[in-house]
Amino acid sequence: MTGRATARVRRLGGRSARERLLNPSRLPGFGLVRSVAGDYPFAGRDWESIDPAERRTVARRLMTIAVLGIVVANVAVGIETVILVALVTSGGDLSLISEDGTSIVAVTLALIVGVVVDLIAGVSMVRPQTAWFTSGAPADAHRRRSVQRMPMHGVVATAMGWAAGVLTYAVVSADASPIQMAIVSCAFALAGASSGCVTYMVLERAGRPVVAAAMRDAPPRRPMLGVRERMIVLWVVCSGVPLVGMLMMNIGRAIGWVPPSHTALDVPTVVLAAVCLLSGARAIALVSKSITDPLRGMRRAVDRVGEGEYDTKVDVYDSSELGVLQHGFNEMVDGLTERERLRDLFARHVGSEVAAQALSHDVGMHGVNTDVGVLFVDIEGSTRFAESADPTVVAEMLNRFFTIVAEVVERHHGFINKFEGDAALAVFGAPNAIDDPSAAALRAARELGAELEALHPLRVGIGVSAGRVFAGNIGAETRYEYTVIGDPVNECARLAEVAKSAKSNVLAGGAAVADLLGDAPATGDEDDDDAGSEIVAHDEMWEWVSMGAVTLRGRGAATELFAPIDLLPDGESPITELVDGLIRKPLSILRGRR
């Protein structure tokens, strides 16, 4: 590539012509075309935090679209008007001077003056809104109304331009007859109506960022310039103007104001029908986009909310019923966000399992008897520690302690039922049933015993038990909580108390270890006398060793204690004691079952 070609590529955005065609977003004017014909490009933009430079860019784009929209709409309709006036007043022949003396040159000059007046008036009406938008100042009630009425201001400017065109024709064609003035006035009135409708829809689309910024603090509660008005615009452009034009042309022929067609084919009528098709296509494209764009935006937002993105919002840039719907959608999402926040807070206070159960059941006292594993963990000497340490340090220590407990219990599918000062009660098997709740509680206890060493020099006591409990709501009808009630809960609390001063800081009751023995189904090869079930030990049983039996505080019978082998201090238990402890309890259980 030559140096001159390289410089040209750089001026065009650093890309070759082929690359720009493959990537249309790099083409000059693509942003303007997208603002009018594409989707709303500023979805989710926080206009309050937009810097002044970007505001000026958006404002310049709005002014450019307004100018182009006014000029293109008026020029297109003006050309159609000149052709139709020439055909109607000449009986189907295109000529600069018609049969009744109407000067097409004068009509063209009047249209040029009308476009200039429309452009000046339209820009002067839009500029105050873009100046406010660029300033970043908050919008008051007056400003919001002015911004919402910006499309109607464009219609007023268009009416002023076409009225100026009629006056210009009257001045230029001073010798025009009243009939000629009436024909030109009617043609300009119909053309102005069609042009005004197109200008309305162009400004409605181009002005959406300004409307969204103005509606940020006070979204519309009532529709303004609603969907009905847009349907009226569609009817005026597609049906009203063409049909009224045909009706007036035939009335003019009947009373002798315009000459009849000189050909077998009524050329003015055919051309008017073609103009109707073209103008209708323009109107349908703009009106349909003004209705479907907000709906598509809300549809995409609904999909995001369905995926859990509760911070999703849609810009309120429409002043019609669609804008009210946009605002209602945002309020609905705010309600969903608040509901999810409360649900999250509720789950953090009572546990996600209890929260889910409470939300799925009616209000009232609910509960069931079920078999669970229960774990109680308590800090030794926490009272003395709180006396001598700063309260902030105590709080940080407790948060570390409870964080470790919560993470370990969750990994083993348990549920933190209570945080009680410097202790925690965890339940395995309620409210959500799990396989082998005793084994899960024992595994969690062994893991906790190791991980809580990080709190040294503080020592903890961990007790594990298992059995049948009542799991449900306890309290009064107006205030209750989910908890578990039963002997296993009391036993594990007593075991944790003993563990604080035992060789191992983790102790399990015999009931929890006994639950690790299950029945295997008998096979068909066994003799009838020996048919039955075979006792099978869970793998977790071989991680625990018997430490003897003690009578726990408040209980009449002795409770056999078990401790994790890995957590016993080195040298405290000889190998013979470990082997004896490993086999003593299973054998006693086997003898009891037989």
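Please refer to the structure placed before this passage.
Residues numbered from 1 in each chain as written. Predicted model: local features only at pLDDT ≥ 70, side-chain atom pairs only at ≥ 80, totals over all residues. Heavy atoms only, no water.

Draft legend 1. Spotlight on the packing of aromatic side chains. Evaluation of the coordinates by the stated rule reveals four aromatic pairs. Judged by centre distance (5.0 Å) and plane angle (55°), the ring pair of Phe401 and Phe402 falls under tilted. Pair check on accessibility: Phe401 and Phe402 agree, each one buried. With a centroid separation of 4.4 Å and an interplanar angle of 50°, the aromatic rings of Phe402 and Phe419 are classed as tilted. Highlighted residues: Phe402 in helix α15 (residues 391-411) and Phe419 in strand β2 (residues 415-420), separated in sequence by 17 residues. When its relative accessible area of 13% is taken as the criterion, Phe402 is described as buried. The class of Phe419 is partly exposed, set by a relative accessible area of 46%. Within the aromatic cluster, the residues linked to one another by ring pairs are Phe401, Phe402 and Phe419. (Phe/Tyr/Trp six-rings, centres within 6.5 Å; stacked < 30°, edge-to-face > 60°. Buried < 20%, exposed > 50% of the residue type's maximum accessible area, 1.4 Å probe, protein only. Helix = DSSP H or I, 4+ residues; strand = E, 2+ residues; numbered from the N terminus.)

Draft legend 2. Region of the structure containing the nonpolar core. Ranked by internal contacts, the top residues of the largest apolar core, which has 40 residues, are Leu375, Val377, Phe401, Leu452 and Ile462. Looking at this core, the elements that each hand over two or more residues are β1 (367-380), α15, β3 (423-428), α16 (437-451), β4 (459-476), β6 (506-509) and α18 (510-514). In terms of residue count, α15 provides more of this core than any other element does, nine residues in total. Once you skip the residues sitting within four places of it in the chain, Phe401 turns out to touch Val377, Ile379, Asp422, Ala423, Leu452, Leu455 and Val460. With 36 residues, the next largest nonpolar core counts Val126, Phe133, Ala139 and Tyr200 among its residues. (Core = buried A, V, L, I, M, F, W, Y, C linked by side-chain atoms within 4.5 Å. Contact = heavy atoms within 4.5 Å.)

Draft legend 3. A look at unusual backbone geometry. Of note, the amide linkage connecting Ala430 to Pro431 takes the cis form, showing an omega dihedral of 0°. Non-glycine residue His413 carries a positive phi angle of around 60°. Relative to the helices and strands, His413 resides in the loop between α15 and β2. The phi dihedral of Asp436 falls on the positive side, at around 55°, and the residue is not glycine. Assignment of secondary structure puts Asp436 in the loop between β3 and α16. Assessed through its relative accessible area of 44%, Asp436 is described here as partly exposed.

Draft legend 4. Region of the structure containing the pattern of salt bridges. On inspection of all chains with the given rule, the structure shows 15 salt bridges. A salt bridge links Asp303 to Arg299; the shortest N-O distance between them is 3.6 Å. Here Asp303 and its partner Arg299 are both found in helix α11 (residues 267-306), four residues apart, which amounts to about one turn of the helix. On the accessibility criterion, Arg299 (53% relative accessible area) is exposed. (Salt bridge = Lys/Arg side-chain N within 4 Å of Asp/Glu carboxyl O.)

Draft legend 5. Region of the structure containing the layout of surface pockets. Of the voids in this model, the second largest pocket is the one considered here, and its volume is about 580 Å³. Taken together, 29 residues form the lining of the second largest pocket, with Cys186, Ala187, Leu190, Gly245 and Met248 sitting closest to its centre. Secondary-structure elements contributing two or more residues to the lining of the second largest pocket are α4 (52-90), α8 (178-206), α10 (227-255) and α11. The greatest single-element share of the lining of the second largest pocket, amounting to nine residues, is contributed by α10. (1 Å grid on protein atoms, 1.4 Å probe; cavity = no way out; pocket = protein on both sides within 12 Å on 5 of 7 lines; lining within 4 Å. Points joined across faces, edges and corners; volume = space filled by probe spheres on them.)

Draft legend 6. Quick look at a nonpolar patch on the surface. Where nonpolar side chains cluster on the molecular surface, the patch consists of Ile179, Leu247, Ile251, Ile255 and Trp257 and spans about 460 Å² of accessible area. With three residues, α10 is the largest single contributor of residues to the nonpolar patch. Take Leu247: it is sitting in helix α10. (Patch = residues over 30% accessible without salt bridge, like charges linked within 9 Å, V, L, I, M, F, W, Y side chains within 5 Å. Areas by Shrake-Rupley, 256 points an atom, 1.4 Å probe, with all protein chains shown as cover.)

Draft legend 7. Up close: the pairing of β1. Of the strand pairs in this sheet, β1 and β4 are connected by 14 bridges, and their pairing is antiparallel. If you follow Asn369 over to β4, its bridge partner there is Phe470. Bridge count between β1 and β3: six bridges; the pairing is antiparallel. Within β3, the residue paired with Phe376 across the bridge is Leu425. (Pairing = 2+ DSSP bridges.)

Draft legend 8. Molecular detail of α15. Counted at 1.5 Å a residue, the expected span for α15 with its 21 residues is 30 Å, and the 30 Å between its end C-alpha atoms agrees. Three or more residues of α15 are buried, namely Val394, Met397, Leu398, Phe401, Phe402, Ile404, Val405, Val408 and Val409. All buried residues of α15 lie within an arc of 155° about the axis, which places them on one face of the element. Of the residues that open α15, the one with a side-chain oxygen 2.8 Å from the backbone nitrogen of Thr392 is Asp390. (Expected span 1.5 Å × (residues − 1). Arc of directions from axis to C-beta. Polar contact = N/O pair within 3.5 Å; in protein donor to acceptor, adjacent residues only side chain to side chain.)

Draft legend 9. Inspection of the environment of Thr551 at higher detail. Structurally, Thr551 is set in the loop between β9 (544-550) and β10 (559-564). Distance in space between the C-alpha atoms of Thr551 and Arg494 is 10.0 Å, their sequence separation being 57 residues. With residues up to four places along the chain from it excluded, the contact list for Thr551 reads Gly556, Ala557 and Ala558.

Draft legend 10. Highlighting the packing of α8 against α11. Relative orientation of the contacting elements α8 and α11 amounts to 30°, with a least axis distance of 10 Å. With respect to each other, α8 and α11 are oriented roughly parallel. The handedness of the crossing between α8 and α11 comes out as left-handed. Contacts between α8 and α11 involve Ser194, Val198, Met201, Val202, Glu204 and Arg205 from the first element and Ser279, Arg282, Leu286, Val287, Lys289, Ser290 and Asp293 from the second. Class assignment for the residues of the contact of α8 with α11 results in five nonpolar, three polar and five charged. (Axes fitted to C-alpha atoms, helices over the stretch in contact; angles between N-to-C directions. Parallel < 35°, antiparallel > 145°, perpendicular 65-115°, else oblique. Left-handed = near helix turned anticlockwise from the far one by under 90°. Nonpolar A, V, L, I, M, F, W, Y, C, P; charged D, E, K, R; others polar.)

Draft legend 11. Representation of the side chain of Asn330 within the structure. Secondary-structure assignment places Asn330 in helix α12 (residues 321-350). Here Asn330 falls in the buried class, since its relative accessible area comes to 11%. Among residues more than four places away in sequence, those in contact with Asn330 are Lys313, Val314 and Val316.

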